[in-house]
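Okay, here's what each chain looks like letter by letter:
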Amino acid sequence: MTESGKPILYSYFRSSCSWRVRIALALKNIDYETIPTNLIKDGGQQFSKEFQALNPMKQVPVLKIDGITIGQSLAIIEYLEETRPTPRLLPQDPKKRAYVHMISNLIVSGIQPLQNLSVLKQLRQENNLPWAQKAISSGFQALEQILQGTAGKYCVGDEVTMADLCLVPQVANAERFEVDLTPYPAISRINKTLLALEAFQVSHPCRQPDTPPELRA
C-alpha cells in the first residue's frame, strides 16, 4: 500500500483480467493507486525483475492491499469480497454462488487464456485472428446456453456478481477480435445492461491512466 494507505493495483489498460479487478474496486468504492504495467512496451514490463518479485507468473493484475500482495484476478476479487463484503459479489445462496463460480471459471479458464497475448505470440501472426475467434466463439456457445438457465437482469439473477465482472471484459475481447455476437443474445443483452453502470464505465479500458490518447473516450 502507498504511504497514504491506498491499495496499489498493477494494471494494463487493455488487460481483461485487470479490468475485472478494477470493476470490483469501483463497485466496492475502494480508493486505490494504479501503477501501469505495459505488457508490450520494452518487450513487456511484466518480465522485469522488479515485477517478477511481485508476481512470479509475470502477469497482471497484482494488488497490494492490507500488507499482502495478491495475483490472479479471481483471488483478488474473493479477498475483497471477504474483507469488504459490501456490495456482495458472491450470493449467499449456495446454488447461486455455484452458478457464479461456474460462469466465472468458464470465462477465466476456458476462454480468456486461449486468446491471451502470451498464446497469440506463439502463433503465426496471420493465424491470430481466426484462433482467437474460434476460442471465444466456442466458449460463448456454451456460456449462452448456461445463461438461459441462470440469468435474470445479469448473469445470475438480478444482482451484479463476480460472473458479470468476468463477462464484460470478455465481450470487449470478442469485439476486438471481430467475433460476431449475433448468435449470443443473452450475452449481448447482459453486457449492454452492465456497461450502463458507473462502476463498469469508470473501470473501462478507455478511461485508464495508461490508455493511449487515440483510444480515450
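Definitions and cut-offs
- Residues numbered from 1 in each chain as written.
- Predicted model: local features only at pLDDT ≥ 70, side-chain atom pairs only at ≥ 80, totals over all residues.
- Heavy atoms only, no water.
- Phe/Tyr/Trp six-rings, centres within 6.5 Å; stacked < 30°, edge-to-face > 60°.
- Helix = DSSP H or I, 4+ residues; strand = E, 2+ residues; numbered from the N terminus.
- Buried < 20%, exposed > 50% of the residue type's maximum accessible area, 1.4 Å probe, protein only.
- Domains from an automatic or database assignment.
- Buried area = accessible area lost by both parts, 1.4 Å probe.
- Salt bridge = Lys/Arg side-chain N within 4 Å of Asp/Glu carboxyl O.
- Polar contact = N/O pair within 3.5 Å; in protein donor to acceptor, adjacent residues only side chain to side chain.
- Nonpolar A, V, L, I, M, F, W, Y, C, P; charged D, E, K, R; others polar.
- Core = buried A, V, L, I, M, F, W, Y, C linked by side-chain atoms within 4.5 Å.
- Contact = heavy atoms within 4.5 Å.
- UniProt positions renumbered as here; feature names shortened; annotations may be inferred.
- Pairing = 2+ DSSP bridges.
- Right-handed = clockwise from strand over helix to strand, strands pointing away.

A.B. asks: Before we go on, may I ask you to explain the packing of aromatic side chains in this structure?
C.D. replies: In total, this model carries three aromatic pairs according to the counting rule given. For the ring pair Tyr10 and Phe51, a centre distance of 6.2 Å and an interplane angle of 75° mean the geometry is edge-to-face. Of the two residues, Tyr10 sits in strand E1 (residues 8-11) while Phe51 sits in helix H2 (residues 49-54), which places them 41 residues apart along the sequence. Here the two residues Tyr10 and Phe51 agree in accessibility, since each one is buried. Relative to Tyr184, the ring of Phe140 lies with its centre 5.6 Å away and its plane at 80°, an arrangement referred to as edge-to-face. Remark: Tyr184 occurs in the loop between helix H7 (162-176) and helix H8 (185-195) and Phe140 occurs in helix H6 (residues 125-150); sequence separation between them is 44 residues.

A.B. asks: For this particular structure, what's the right way to read the domain arrangement of the protein?
C.D. replies: For the protein, the assigned domains are domain 1 (8-87) and domain 2 (94-200). Taking the mean C-alpha position of each, domain 1 and domain 2 sit 20 Å from one another. Between domain 1 and domain 2, a total of about 1500 Å² is buried, with carbon and sulfur atoms accounting for 74% of that surface. Taken together, domain 1 and domain 2 are joined by zero salt bridges. Linking domain 1 with domain 2 are one residue pair in polar contact (both at pLDDT 80 or more), by the criterion used here. Elements that contribute at least two residues to the side of domain 1 that touches domain 2 include exactly helix H1 (16-27) and helix H3 (73-83). Per element, the largest residue contribution to the side of domain 1 that touches domain 2 is eight residues, and it comes from H1. Across the side of domain 1 that touches domain 2, the residue classes break down as 10 nonpolar, one polar and three charged.

A.B. asks: Would you mind showing me how to read the nonpolar core here?
C.D. replies: Considering soluble globular proteins, one finds that nonpolar side chains tend to be buried as a cluster. In terms of nonpolar packing, the biggest core is built from 52 residues, with Phe140, Leu143, Leu165 and Leu167 touching the most fellow members. Sorting the residues of this core by element identifies H1, strand E3 (62-65), H3, helix H4 (94-110), H6, H7, H8 and helix H9 (198-202) as the ones contributing at least two each. When residues of this core are assigned to their parent elements, the largest contribution, eight residues, is made by H7. Inspection of this core shows a minimum of three residues originating in each of domain 1 (8-87) and domain 2 (94-200). Aside from chain neighbours lying at most four places away, what touches Leu165 is Arg20, Ile23, Ala24, Leu27, Ile77, Leu89, Val160 and Phe200. Counting residues in hydrophobic clusters, the runner-up holds eight residues, among them Ile8, Tyr12, Phe13 and Leu39.

A.B. asks: How do you make sense of the UniProt feature "domain: GST N-terminal" (unreviewed entry) in the protein when you look at a structure like this?
C.D. replies: UniProt feature "domain: GST N-terminal" (unreviewed entry): in the numbering of this structure it lies at residues 5-88. For residues 5-88, the helix share is 35%, the strand share is 19%, and the end-to-end C-alpha distance is 23 Å.

A.B. asks: How do you make sense of the pairing of strand E2 (residues 33-36) when you look at a structure like this?
C.D. replies: Sheet faces and side chains relate simply in a regular strand, where the side chains alternate between the two faces. Inspection of the sheet shows E1 paired to E2 by four bridges, in the parallel sense. For Tyr10, the partnering residue across the bridge sits in E2 and is Ile35. The β-α-β motif built from E1, the intervening H1 and the parallel element E2 has right-handed crossover chirality.

A.B. asks: How do you make sense of the pattern of salt bridges when you look at a structure like this?
C.D. replies: Proximity of charged atoms lets side chains of opposite charge pair with each other. Inspection of the entire model under this criterion finds three salt bridges. Notably, a salt bridge pairs Lys6 with Asp31, separated by 3.3 Å at the nearest N-O pair. Of the two residues, Lys6 sits in the segment before E1 while Asp31 sits in the loop between H1 and E2, which places them 25 residues apart along the sequence. Taking the relative accessible area as the measure of exposure, Lys6 reaches 32% and is therefore partly exposed. Measuring nitrogen to oxygen at the nearest pair gives 2.9 Å for the salt bridge that ties Glu81 to Lys28. In this pair, Glu81 is assigned in helix H3 and Lys28 in the loop between H1 and E2, connecting sequence segments 53 residues apart. With relative accessibility at 7%, the residue Glu81 sits in the buried group. With a relative accessible area of 7%, Lys28 lands in the buried category.

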